[in-house]
Amino acid sequence: MATKNLSEYDLTTVPSAASMKFGIVVAEWNYEITGALAQGAADTLKRHGAKDENIIIKHVPGTFELTLGAQYLAEYAGVDAIIVLGCVIQGETRHFDFICQGVTQGITSLNMKYNKPFIFGVLTTDNQQQALDRAGGKLGNKGDEAAVTAIKMLALRNDLK
Ligand SMILES: Nc1c(NC[C@H](O)[C@H](O)[C@H](O)CO)[nH]c(=O)[nH]c1=O
Ligand SMILES: CC(=O)[C@@H](O)COP(=O)(O)O
């Protein structure tokens, strides 16, 4: 059954993002959905104080390229956290499985390699409606969720440094 609304959260539990710099890497595949995820993420970052100039948005062809695109942002853009946004929709073959496995392993490894937050905002759905529901539809926007997660992880790091 459907999950909770991804955009419902307690605003008071989110620290200020005013001093934080974010990269957002977005897959162009299913851009009706990934573009909405990116808008949700950027709007949420700004809602919590992030400056426009501190939100760097870059695009890659597909979800499989998100890992390298995220690494480029970490290496060359001087950001504190990277939000990774894509949408993989099941087709007729097992290609879906390998893309999802590849990006999951890739993003997980980047978190450890760079010791900074790479936030997994990739929708992996059975069909387009499930994706639409989670990209500004009835179940909220996973981009919002990813942005809040990025802020909270940076606040955790700043608290411990
Ligand atoms: N089917 C989807 C793809 N496929 C493309 C791959 O992500 C990749 O770009 C290609 O295999 C070349 O390396 N990508 C998505 O983001 N979403 C899909 O549903
Ligand atoms: C998840 C995908 O790559 C998808 O577009 C592939 O579709 P298919 O499995 O029908 O080739």
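Here the structure is shown first, and the text comes after it.
Residues numbered from 1 in each chain as written. Chains lettered and ligands numbered in written order. Predicted model: local features only at pLDDT ≥ 70, side-chain atom pairs only at ≥ 80, totals over all residues. Heavy atoms only, no water.

Caption draft 1: Just the site of ligand 2, in detail. The local shell around ligand 2 consists of W29, V88, I89, G91, E92, T93, H95, F96 and I99. H95 places a polar side-chain atom, nitrogen or oxygen, 2.6 Å from an oxygen atom of ligand 2. For ligand 2, whose accessible area on its own is 330 Å², the fraction buried by protein is 73%. Of all the secondary structure elements, the ones that give two or more residues to the shell around ligand 2 are β3 (81-89) and α3 (95-114). Counting residues per element, the shell around ligand 2 draws most heavily on α3, which supplies 3 residues. Classifying every residue of the shell around ligand 2 by side-chain character gives 5 nonpolar, 3 polar and 1 charged. (Near = heavy atom within 4 Å. Polar contact = N/O pair within 3.5 Å; in protein donor to acceptor, adjacent residues only side chain to side chain. Areas by Shrake-Rupley, 256 points an atom, 1.4 Å probe, with all protein chains shown as cover. Helix = DSSP H or I, 4+ residues; strand = E, 2+ residues; numbered from the N terminus. Nonpolar A, V, L, I, M, F, W, Y, C, P; charged D, E, K, R; others polar.)

Caption draft 2: Structural context of the nonpolar core. By size, the foremost hydrophobic cluster in this structure holds 29 residues, and its most contacted members are F22, I24, L45, I83 and L85. Taken together, the elements giving at least two residues each to this core come down to β1 (22-27), α1 (31-47), β3, β4 (118-125) and α5 (142-160). With 7 residues, α5 is the largest single contributor of residues to this core. For I83, the contacting residues outside a window of four places in its chain are G23, I24, V25, L45, I119, A146, A147 and A150. In this structure, L66, I82, I99 and V103 belong to the second largest nonpolar core, which totals 20 residues. (Core = buried A, V, L, I, M, F, W, Y, C linked by side-chain atoms within 4.5 Å. Buried < 20%, exposed > 50% of the residue type's maximum accessible area, 1.4 Å probe, protein only. Contact = heavy atoms within 4.5 Å.)

Caption draft 3: Expanded view of helix α2 (residues 66-76). Among all positions of α2, only L66, T67, G69, A70, L73 and A74 are buried. Buried residues of α2, viewed axially, fall in a sector of 170 degrees; they line one side. Those residues of α2 that are buried are in contact with β1, β2 (55-60), β3, α3 and β4. Two residues or fewer past α2, G78 is found with a positive phi of approximately 60 degrees. (Arc of directions from axis to C-beta.)

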